[in-house]
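# Summary of structural features
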Amino acid sequence: MASLTLGKGANLSLTKADPGLRQAMVGLGWDPRTTSGAAFDLDASALLLGANGKVRSQDDFIFYNQLATPDGSVVHQGDNRTGEGDGDDEQILIDLGLVAADVERIVIAVSIDQADARGQNFGQVRDAYCRVLNQETEQEIVRFDLSEDAASETAMIFSELYRRDGEWKFRAVGQGYASGLYGIATDFGIALS
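Here is a short report on the structure shown in this document. (Residues numbered from 1 in each chain as written. Predicted model: local features only at pLDDT ≥ 70, side-chain atom pairs only at ≥ 80, totals over all residues. Heavy atoms only, no water.)

## Remarks on the overall build of the chain
Looking only at helices and strands, one finds three helices and twelve strands in the chain. By the compact-globule yardstick of 16 Å for 193 residues, the chain fits well, its C-alpha radius of gyration being 16 Å. Expressed along its principal axes, the backbone C-alpha trace of the chain runs to roughly 45 × 40 × 25 Å. By residue count, 51% of the 193 residues in the chain fall in the buried class. If you take every contact in the chain between residues at least 6 apart in sequence, the share linking residues at least 24 apart comes to 71%. As presented, the chain carries roughly 8700 Å² of accessible surface, and 45% of it is formed by carbon and sulfur atoms. (Helix = DSSP H or I, 4+ residues; strand = E, 2+ residues; numbered from the N terminus. Rg over C-alpha atoms; globule rule 2.2 N^0.38 Å. Buried < 20%, exposed > 50% of the residue type's maximum accessible area, 1.4 Å probe, protein only. Contact = heavy atoms within 4.5 Å. Areas by Shrake-Rupley, 256 points an atom, 1.4 Å probe, with all protein chains shown as cover.)

Here is the structure:
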(Lines give C-alpha, C1' and ligand atoms only; values in the text may rest on other atoms or scores of the structure.)
Protein backbone atom coordinates (compact mmCIF):
# COMPACT_ATOMS: atom_id res chain seq x y z
CA MET A 1 0.00 0.00 0.00
CA ALA A 2 1.44 3.36 -1.04
CA SER A 3 1.19 6.33 1.29
CA LEU A 4 -0.77 9.37 0.13
CA THR A 5 0.54 12.90 0.60
CA LEU A 6 -2.20 15.45 1.23
CA GLY A 7 -2.27 19.20 0.83
CA LYS A 8 -3.65 21.61 3.43
CA GLY A 9 -7.39 21.14 3.95
CA ALA A 10 -7.53 17.71 2.27
CA ASN A 11 -9.20 14.65 3.85
CA LEU A 12 -8.63 10.91 3.62
CA SER A 13 -10.70 8.02 4.97
CA LEU A 14 -8.24 6.01 7.06
CA THR A 15 -10.84 3.24 7.31
CA LYS A 16 -11.04 2.87 3.51
CA ALA A 17 -7.30 3.38 2.89
CA ASP A 18 -6.37 0.71 5.47
CA PRO A 19 -9.41 -1.40 6.50
CA GLY A 20 -7.36 -3.29 9.12
CA LEU A 21 -6.24 -0.15 10.95
CA ARG A 22 -6.69 -0.43 14.72
CA GLN A 23 -3.57 1.20 16.14
CA ALA A 24 -2.83 4.54 14.46
CA MET A 25 0.62 5.98 15.16
CA VAL A 26 0.71 9.72 14.48
CA GLY A 27 4.31 10.67 13.74
CA LEU A 28 5.38 14.31 13.81
CA GLY A 29 8.68 15.70 12.63
CA TRP A 30 10.49 19.01 12.18
CA ASP A 31 13.93 20.57 11.99
CA PRO A 32 14.84 23.93 13.49
CA ARG A 33 16.39 26.46 11.13
CA THR A 34 19.24 28.66 12.27
CA THR A 35 18.28 30.39 15.50
CA SER A 36 19.80 32.67 18.10
CA GLY A 37 21.45 29.65 19.64
CA ALA A 38 18.73 29.13 22.24
CA ALA A 39 17.41 25.59 22.52
CA PHE A 40 14.49 24.89 20.19
CA ASP A 41 11.96 22.52 21.77
CA LEU A 42 8.74 21.65 19.97
CA ASP A 43 6.04 19.66 21.74
CA ALA A 44 3.27 17.53 20.26
CA SER A 45 -0.11 17.26 21.93
CA ALA A 46 -3.52 15.72 21.28
CA LEU A 47 -6.95 17.01 22.28
CA LEU A 48 -9.97 14.69 22.29
CA LEU A 49 -13.11 16.63 21.42
CA GLY A 50 -16.78 15.90 21.84
CA ALA A 51 -19.69 16.99 19.64
CA ASN A 52 -19.45 20.55 20.98
CA GLY A 53 -15.87 20.93 19.71
CA LYS A 54 -14.46 21.03 23.26
CA VAL A 55 -12.64 18.54 25.48
CA ARG A 56 -14.89 16.60 27.84
CA SER A 57 -12.46 17.15 30.75
CA GLN A 58 -8.80 17.97 31.46
CA ASP A 59 -8.11 14.22 30.90
CA ASP A 60 -8.68 14.80 27.16
CA PHE A 61 -5.53 16.96 26.82
CA ILE A 62 -2.53 14.72 26.11
CA PHE A 63 0.91 16.37 26.21
CA TYR A 64 4.36 16.06 27.84
CA ASN A 65 2.94 16.44 31.39
CA GLN A 66 -0.02 14.06 30.85
CA LEU A 67 1.09 11.31 28.49
CA ALA A 68 -2.09 9.22 28.29
CA THR A 69 -5.85 9.26 28.57
CA PRO A 70 -7.16 7.32 31.59
CA ASP A 71 -8.56 4.64 29.24
CA GLY A 72 -5.27 4.31 27.33
CA SER A 73 -6.86 5.19 23.98
CA VAL A 74 -4.34 7.98 23.30
CA VAL A 75 -0.73 7.67 24.50
CA HIS A 76 2.04 10.22 23.87
CA GLN A 77 5.32 8.37 23.31
CA GLY A 78 7.49 10.97 25.06
CA ASP A 79 9.07 14.39 24.61
CA ASN A 80 11.95 14.93 22.17
CA ARG A 81 13.60 18.13 23.33
CA THR A 82 15.79 18.88 20.28
CA GLY A 83 14.13 17.79 17.01
CA GLU A 84 17.48 16.59 15.76
CA GLY A 85 18.00 13.42 13.74
CA ASP A 86 15.96 11.67 11.08
CA GLY A 87 12.47 10.24 11.40
CA ASP A 88 9.65 11.22 13.71
CA ASP A 89 10.55 13.60 16.51
CA GLU A 90 7.47 12.75 18.56
CA GLN A 91 4.73 10.14 18.23
CA ILE A 92 1.22 9.73 19.58
CA LEU A 93 -0.40 6.28 19.54
CA ILE A 94 -4.18 6.19 19.09
CA ASP A 95 -6.05 2.93 19.67
CA LEU A 96 -9.10 3.65 17.50
CA GLY A 97 -11.15 0.87 19.09
CA LEU A 98 -10.63 2.27 22.61
CA VAL A 99 -11.54 5.90 21.82
CA ALA A 100 -14.76 6.71 23.69
CA ALA A 101 -17.88 6.84 21.51
CA ASP A 102 -18.55 10.47 22.46
CA VAL A 103 -15.15 11.62 21.11
CA GLU A 104 -15.70 12.93 17.58
CA ARG A 105 -12.29 14.45 16.81
CA ILE A 106 -8.70 14.12 17.95
CA VAL A 107 -6.76 17.30 17.19
CA ILE A 108 -2.99 16.97 16.79
CA ALA A 109 -1.07 20.15 17.63
CA VAL A 110 2.57 21.17 17.97
CA SER A 111 3.79 24.11 20.01
CA ILE A 112 7.17 25.74 20.58
CA ASP A 113 8.16 25.64 24.25
CA GLN A 114 9.01 29.11 25.64
CA ALA A 115 8.61 30.57 22.15
CA ASP A 116 8.02 34.16 23.28
CA ALA A 117 10.90 34.18 25.77
CA ARG A 118 13.26 32.73 23.16
CA GLY A 119 11.96 34.78 20.22
CA GLN A 120 11.06 31.65 18.26
CA ASN A 121 8.23 30.86 15.85
CA PHE A 122 7.22 28.39 13.15
CA GLY A 123 8.92 30.58 10.53
CA GLN A 124 12.16 29.15 11.99
CA VAL A 125 11.01 25.56 11.54
CA ARG A 126 11.56 23.59 8.34
CA ASP A 127 10.53 20.18 7.05
CA ALA A 128 7.59 19.92 9.45
CA TYR A 129 5.22 17.03 8.79
CA CYS A 130 2.52 14.85 10.26
CA ARG A 131 1.96 11.26 9.18
CA VAL A 132 -0.25 8.36 10.20
CA LEU A 133 1.07 4.82 10.26
CA ASN A 134 -0.58 1.51 11.00
CA GLN A 135 1.33 0.60 14.18
CA GLU A 136 0.82 -3.13 13.61
CA THR A 137 2.06 -3.24 9.99
CA GLU A 138 4.40 -0.20 10.26
CA GLN A 139 2.97 1.03 6.94
CA GLU A 140 2.54 4.77 6.42
CA ILE A 141 -1.02 5.54 5.30
CA VAL A 142 -1.00 9.31 4.86
CA ARG A 143 1.36 12.25 5.19
CA PHE A 144 0.95 16.03 5.36
CA ASP A 145 3.97 18.28 4.82
CA LEU A 146 3.54 21.79 6.20
CA SER A 147 4.98 24.16 3.65
CA GLU A 148 3.68 27.67 4.31
CA ASP A 149 5.72 30.24 6.18
CA ALA A 150 4.29 30.77 9.66
CA ALA A 151 6.53 33.59 10.85
CA SER A 152 4.27 34.80 13.67
CA GLU A 153 2.87 31.48 14.88
CA THR A 154 4.19 29.73 17.98
CA ALA A 155 1.80 26.77 17.84
CA MET A 156 0.04 24.95 15.05
CA ILE A 157 -2.74 22.43 14.60
CA PHE A 158 -1.10 19.99 12.20
CA SER A 159 -4.02 17.62 11.64
CA GLU A 160 -7.01 15.87 13.10
CA LEU A 161 -8.49 12.40 13.11
CA TYR A 162 -12.27 12.43 13.14
CA ARG A 163 -15.24 10.08 12.91
CA ARG A 164 -17.82 10.36 10.17
CA ASP A 165 -20.44 7.73 9.25
CA GLY A 166 -18.63 4.97 11.13
CA GLU A 167 -15.25 5.73 9.54
CA TRP A 168 -12.09 7.30 10.93
CA LYS A 169 -10.78 10.06 8.69
CA PHE A 170 -7.67 12.26 8.57
CA ARG A 171 -7.71 15.99 7.78
CA ALA A 172 -4.59 18.02 6.98
CA VAL A 173 -5.20 21.26 8.90
CA GLY A 174 -2.08 23.47 9.14
CA GLN A 175 -3.72 26.22 11.25
CA GLY A 176 -1.29 28.46 13.12
CA TYR A 177 -1.71 30.24 16.46
CA ALA A 178 0.29 33.28 17.53
CA SER A 179 -0.91 32.62 21.11
CA GLY A 180 0.98 29.32 21.46
CA LEU A 181 -0.27 26.19 23.14
CA TYR A 182 -2.27 28.38 25.52
CA GLY A 183 -4.36 29.65 22.58
CA ILE A 184 -5.04 26.17 21.23
CA ALA A 185 -5.84 24.70 24.65
CA THR A 186 -8.23 27.50 25.63
CA ASP A 187 -9.99 27.38 22.23
CA PHE A 188 -10.84 23.73 22.93
CA GLY A 189 -11.98 24.18 26.52
CA ILE A 190 -8.83 23.50 28.57
CA ALA A 191 -8.46 25.72 31.66
CA LEU A 192 -4.78 26.63 31.99
CA SER A 193 -3.39 28.61 34.89
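## Comments concerning the sheet that holds strand 10 (residues 139-145)
Ordered in space as 1-10-9-3-7-6, the six strands form an open sheet in which the pairing is mixed. Each edge of the open sheet carries a strand with a single partner, namely strand 1 (4-6) and strand 6 (74-76). If you compare each strand with its neighbour and ignore which way they point, the axes differ by 20° on average. Both strand 1 and strand 10 contribute to a ladder of three bridges, which runs parallel. Pairing of Leu4 across the sheet is with Val142, part of strand 10. (Pairing = 2+ DSSP bridges. Axes fitted to C-alpha atoms, helices over the stretch in contact; angles between N-to-C directions.)

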